[in-house]
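Observations on the three-dimensional arrangement
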Amino acid sequence: MNRLIYTFLLLILFASACTVRKSQDDPSFLQKIYHNTTAKYNGYFNADLLMQESLAALEQEYTEDYDTLIPVYPYMANPNVENQFNTLDKVIEKVTTVSALHRQSHWLDDNYLMLGKAQFLKKNYREAGAAFQYLVNNFDPVSPNDQVRKEEKERSRGRESRSSYKQRQKEQEKRRKEINKRRKQERKKAKKRRGQKKRRERPEEKETVPSEVSAPDAPLLASASEEPQPPSSGGLIPESSNPDHYFLKHKPAYQEGLLWEARTWTAQENYFSAEARLSMLVKDPNTSEEIRKQALVALIDSYVKSKKYRRSLETIDEALTQNIDQETKIRLAFLAGQISAQLKNNQQAIQYFEQVIKYHPNDYEKYFYAELYITRLQGGDLIGKFQDLLRNPNNQMYKGQIYYAMGETYRENYDFQRAIDAYKKVDDPEINVNPVIKAKSFVAIADINFNNEDYSDAKKYYDRALSVLSPDDHRYKRANERSEQLTAIVEAENTIYVQDSLLRIADYTPEQKRELALNIKKQRQQDQADAANEASRNSIAGGQMVSKFGSAGSVQSSFFAYDEKSVSQGEKSFKRIWGDRKLTDNWRYSSIGGAVTSDDSPGGGRTISLGISQTEIDEILQDVPDSPEDKERVRQTIDKAMLQLGFAYRSDLDNLEKSNETLHQLINRQPDKEIHAEALYLLFVNAKEAGNNTKAADYKRQFDSQFGSTEFNKKILTSTTSLGMDGVAESALDQVRKDYENGNYEKVLQLSDQSKTMFENRKDLLAQFAMLEALATGRTKGREPYIDKLKYLVANYPNSPEGEEARAYLQILGATVNTNITSGRTGSTEEFSDKIENTPHYLLVLVPGNDAINPLKATISDFNKEFFQNSNLSISTVQISTDNGREPALLVRRFNNKQEGMDYYNVIQKEKSKFNGDLSVTVLPLAITNYRFLITENKLPEYKVFLKNHYGIDL
């Protein structure tokens, strides 16, 4: 045995001695084994485990919405991918480390593939595409690019003998000739198919599937004028395949890299290139079976996302005949059923959903929804069928979905009240339903109420939907917009309802008031008793659990209330004597005040009637007006709310009819002259917007005859205290913007000048008018007048965003401007502007010293790239005033409003180490209007107090 070992070692030494040259950088045989083994089992293997963990978590966390097309890849549809950033970053770290340490390993291409996948899951498609492109360009096992081939050639010549080197060169040349020959044959076949296709009648559908792809060195770019050729009648899958075999050899990641690069193109909506590449992979006989199946599924995903639904159905039919995993077949068949239903092909859709059931899905949810789809598509007595589904014990977990389907059916048949009743059952606490179904029910109820002009209930259910919906859900934006539109309307309606109720109660007799107060008192006490009983039931339930399962030492309690039999007997005895009386001691009633009477009735047991004192009546009805003056103030409150309501109808809902109706009702109430004048003015504006010049002229005559010679005329037409003028000011600003964009600079100057008197109280809008006036001046009158207008803007509106912008323009122009806008101010927090909600924001980062600036810039840049890649944020160095003089700081900008700035701040609090590394920093959200206070004066201590009061940040 020892002789054989020595002989083997001598042969290795002899072979290494017969090389042309040996580079010190070339690995030995044992080194190659080390690099391959370490790269695979130390780096790639662990990274792959983490990747599978992230994929599984994303799929498990994703909640299907079966009323929309289900995704081909659930993990891609999960909006909360940031939950996996930490795990995916570890994957990236491992594969980049392996790639740097083991460049000679066969697993280098696999590591680039894993790097691209991790970036793909993070939805960083640009970085993912770069990794896949590098893999495809540099690791083609048949035809590597010139640089890689040259490097490989140099390494090979250094360690091979002349004879083996020449032999390998001959084999490679022979292989290349075979490849070129095969490609020529494929091109001839494709050309022949195209010729046959031209002679046949073309199909009606315009969307097509790629049938021929250019050579690998030709770019696959999207074209607006060219479309891939349709497939041959034989389908995508080749009749025979001849993939390369890698038994006992490392399998290159090249084909999988091609696949994932195409998937990246799909994610970037480059559907042409993706479909061309994927079709090539499916049809190429040299594609491995596993990659072909994955490419077929990825091709379906591209067709669905590009809305080529008929093409997607054809490809799904082909995929279902292949040997792909059962779960994927179930998902594709379900998706095909949804697409067919969307294309109004109900019979075909039913067949697909029946196929889903035949596959016997392990997840009952898909079985249930397939059955639900079939029920709806078959028609007939849908409500009766839904009732049958409710009675099925297997569907107990899906009652909410069935009630939602019933609501949809009632709604389609215009039976809105029953639809609302069905939707409300989805919110039954005893029914387990996923948040998506609950949110859709809330939105449906809100939409019905909105269309029926029941705006109070509509807003309530839009708000409930917003509490359940994710901001990434496509329904969130519309629900949020509707809720905001209805805010002013509902507030006005509630004010009118409450104040009108108080007026009616004011006319009650003393006995009626006493009875009302007593009913309110009873209701309050009933609510308190219900809450106490609920707490008692929860407590008893906890005791029963101890009795049933025992304590930690398995010792049963002897307390009577834990004995279920004793409790039951006690309840029966109590009901025989007292009926359904609440379990409340008599001393509780005696301490309330007033008489306590009991009334026995044969059917319902005993009920309690409480007395009430005059003090309690006065306390409960304290808001009811008593004097004529109080009643008049309530009437004026109603009049103002009605005016606000009339304006909100026109400004928020663009509902001129409801606005006019409310304003007419207001005028009929004979309000104060100022309210009356504003109502007439709004009616005039509504008539002008509706194009009814006759009514507009009539309202103008009424206005002139009643208020033409009064102060109300000037107040409404020239000031913004008038409610109606707010909308006019906004409209005027929009018109000036349009005139500036269209190049009507003279008109901009004219309207901007008029705004100074027409809207003198609207400082927020006047700054915007002034900026447009300055820009128009620069366009028409040159540099010096432009500078004068900018200085005017800075002097009159220094704390506005436009003032900040004007100051920046002046600095660019080299003009002198006083930037010390805080001189003469006191040291209190009142000097900071509290109008911060809709003001652009910065984030000021206080650093420990100059040496920390550059490292901190780098970490913040990485932080922004990871969490706010699409926010277009910039980082700059600034100097702030402190007790020690001017000190450096970093400024992250900019955010459109306070909410965006706080969202960024909150992510920092969760990911501090990624934001500032091991450096100690202080982060301050800062409105642009307060920025100068920290730059020009030492106001940092005062600003920290301001932060606590207005941002809730305690530093």
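Residues numbered from 1 in each chain as written. Predicted model: local features only at pLDDT ≥ 70, side-chain atom pairs only at ≥ 80, totals over all residues. Heavy atoms only, no water.

What to know about the overall build of the protein chain
For the protein chain, the count of helices and strands is 40 helices and 6 strands. By the burial criterion, 42% of the 955 residues in the protein chain qualify as buried. A fraction of 64% describes how many contacts in the protein chain between residues 6 or more apart in sequence connect residues 24 or more apart. (Helix = DSSP H or I, 4+ residues; strand = E, 2+ residues; numbered from the N terminus. Buried < 20%, exposed > 50% of the residue type's maximum accessible area, 1.4 Å probe, protein only. Contact = heavy atoms within 4.5 Å.)

Comments concerning the side chain of serine 54
Note that serine 54 resides in helix α2 (residues 29-61). Among the residues examined, serine 54 registers a relative accessible area of 0% and is labelled buried. A distance of 3.2 Å separates a polar atom in the side chain of serine 54 from a polar atom in the side chain of glutamine 84. Setting aside residues no more than four positions away along its own chain, serine 54 makes contact with Gln84, Thr87 and Leu88. (Polar contact = N/O pair within 3.5 Å; in protein donor to acceptor, adjacent residues only side chain to side chain.)

Quick look at the pairing of strand β6 (residues 922-927)
Side-chain direction in a regular strand flips from residue to residue, so the side chains alternate between the two faces of the sheet. Judged by how many residues are buried, β6 sits mostly within the fold: 5 of 6 residues are covered. Where strand β3 (residues 841-846) lies against β6, 6 bridges are found, and the strand directions are antiparallel. Counted as the bridge partner of leucine 844 is leucine 924 from β6. (Pairing = 2+ DSSP bridges.)

A short note on the packing of helix α26 (residues 628-652) against helix α28 (residues 673-689)
Running from amino to carboxyl end, α26 crosses α28 at an angle of 15 degrees, the nearest separation of the two axes being 11 Å. Considering their axes alone, α26 and α28 lie roughly parallel with respect to each other. Crossing hand, α26 versus α28: left-handed. Where α26 approaches α28, its residues Asp639, Lys640, Leu643, Phe647 and Arg650 are matched on the opposing element by Ile675, Glu678, Ala679, Leu682, Val685, Asn686 and Glu689. Within the contact of α26 with α28, the residues separate by chemical class into 6 nonpolar, 1 polar and 5 charged. (Axes fitted to C-alpha atoms, helices over the stretch in contact; angles between N-to-C directions. Parallel < 35°, antiparallel > 145°, perpendicular 65-115°, else oblique. Left-handed = near helix turned anticlockwise from the far one by under 90°. Nonpolar A, V, L, I, M, F, W, Y, C, P; charged D, E, K, R; others polar.)

Let's talk about the pattern of salt bridges
Under the defined criterion, the tally for this structure stands at 35 salt bridges. Lysine 440 serves as the salt-bridge partner of aspartate 65, at 2.9 Å between the closest nitrogen and oxygen. Of this pair, aspartate 65 sits in the loop between α2 and α3 (74-77) while lysine 440 sits in helix α19 (residues 435-451), and the two are 375 residues apart along the sequence. Of the two residues, aspartate 65 and lysine 440, neither departs from the other in class, the shared state being buried. Among the salt bridges present, the one from glutamate 314 reaches arginine 311, with a minimum N-O distance of 3.7 Å. Here glutamate 314 pairs with arginine 311, and both are found in helix α12 (residues 309-320), just 3 residues apart, close to one helical turn. For glutamate 314, a relative accessible area of 45% translates into the label partly exposed. Salt bridges sharing common partners tie together Asp65, Asp67, Lys440 and Arg475. (Salt bridge = Lys/Arg side-chain N within 4 Å of Asp/Glu carboxyl O.)

Observations concerning the nonpolar core
Ranked by internal contacts, the top residues of the largest apolar core, which has 144 residues, are Leu332, Phe334 and Leu486. Residues contacting leucine 332, with those up to four places away along its chain left out, are Val72, Val297, Ile300, Ile316, Ala319, Leu320 and Ile324. The next biggest cluster of nonpolar side chains, apart from the first, holds 39 residues, and it includes Leu856, Ile928, Phe946 and Leu947. (Core = buried A, V, L, I, M, F, W, Y, C linked by side-chain atoms within 4.5 Å.)

Describing the packing of α19 against helix α20 (residues 455-468)
Between α19 and α20, the shortest axis-to-axis distance is 8 Å and the interhelical angle comes to 160 degrees. For the element pair α19 / α20, the angle class is roughly antiparallel. Crossing handedness for the pair α19 and α20: left-handed. Note on element contacts: α20 touches α19 through Tyr455, Asp457, Ala458, Tyr461, Tyr462, Arg464, Ala465 and Val468, opposite Pro435, Ala439, Phe442, Val443, Ile445, Ala446, Asp447, Asn449 and Phe450. Class assignment of the residues belonging to the contact of α19 with α20 gives a composition of 13 nonpolar, 1 polar and 3 charged.

Section: the confidence of the model for the protein chain
When pLDDT is averaged along the protein chain, the result is 74; 69% of the residues meet or exceed 70. Ignoring residues within four places in sequence, the model shows residues 13-25, a span with pLDDT below 50, making 15 contacts including any to other chains. Predicted confidence is poor over residues 155-160, with pLDDT under 50, and the contacts of this stretch with residues over four places away or in other chains come to 17 contacts. (pLDDT = per-residue confidence, 0-100.)

Quick word on the packing of aromatic side chains
Tallied over the full model, the rule gives 30 aromatic pairs. With centroids separated by 5.8 Å and ring planes inclined at 45 degrees, the aromatic side chains of tyrosine 364 and tyrosine 398 adopt a geometry described as tilted. One end of the pair, tyrosine 364, is in helix α15 (residues 364-378); the other, tyrosine 398, is in the loop between α16 (382-391) and α17 (399-412), with 34 residues separating them in the sequence. Residue classification places tyrosine 398 among the buried positions, given a relative accessible area of 13%. (Phe/Tyr/Trp six-rings, centres within 6.5 Å; stacked < 30°, edge-to-face > 60°.)

A short note on the pairing of β3
For β3, the tally of buried residues reaches 6 of 6 residues, placing the bulk of the element in the interior. Of the two faces of β3, the one holding His841, Leu843 and Val845 and the one holding Tyr842, Leu844 and Leu846 are both buried throughout.

Section: the UniProt feature "repeat: TPR" (unreviewed entry) in the protein chain
Here, UniProt's "repeat: TPR" (unreviewed entry) annotation points to residues 330-363. Helix makes up 76% of residues 330-363 and strand makes up 0%, while its end C-alpha atoms are separated by 10 Å. (UniProt positions renumbered as here; feature names shortened; annotations may be inferred.)

Quick word on helix α11 (residues 289-305)
The first and last C-alpha atoms of α11 sit 25 Å apart over 17 residues, in line with the 24 Å expected at 1.5 Å per residue. Counted residue by residue, α11 has 12 buried out of 17 residues, so it is predominantly covered. Every buried residue of α11 is listed here: Ile291, Arg292, Ala295, Leu296, Val297, Ala298, Leu299, Ile300, Asp301, Ser302, Tyr303 and Val304. Of the surrounding elements, those touching the buried residues of α11 are α9 (254-267), α10 (271-283), α12 and α13 (326-342). Two residues or fewer after α11 comes lysine 307, characterised by a positive phi angle close to 60 degrees. (Expected span 1.5 Å × (residues − 1).)

Focus: α26
Given a rise of 1.5 Å per residue, 25 residues ought to cover 36 Å, and the 35 Å separating the end C-alpha atoms of α26 matches this to within 8%. Directly beyond the C-terminal end of α26, a positive phi value near 55 degrees is found at aspartate 654.

A few points about unusual backbone geometry
Unusually for a residue other than glycine, lysine 123 sits at a positive phi of about 65 degrees. Along the polypeptide, lysine 123 turns up in the loop between α5 (108-121) and α6 (125-138). For tyrosine 414, which is not glycine, the phi dihedral falls at a positive 65 degrees. Locating tyrosine 414 in the fold gives a position in the loop between α17 and α18 (416-425). Relative accessible area serves as the criterion here: at 65%, tyrosine 414 is assigned to the exposed category.

Description of the side chain of threonine 315
Topologically, threonine 315 is positioned in helix α12. Those residues in contact with threonine 315 that sit more than four places away from it in its chain are Leu236, Leu296, Leu299, Ile300 and Tyr303.

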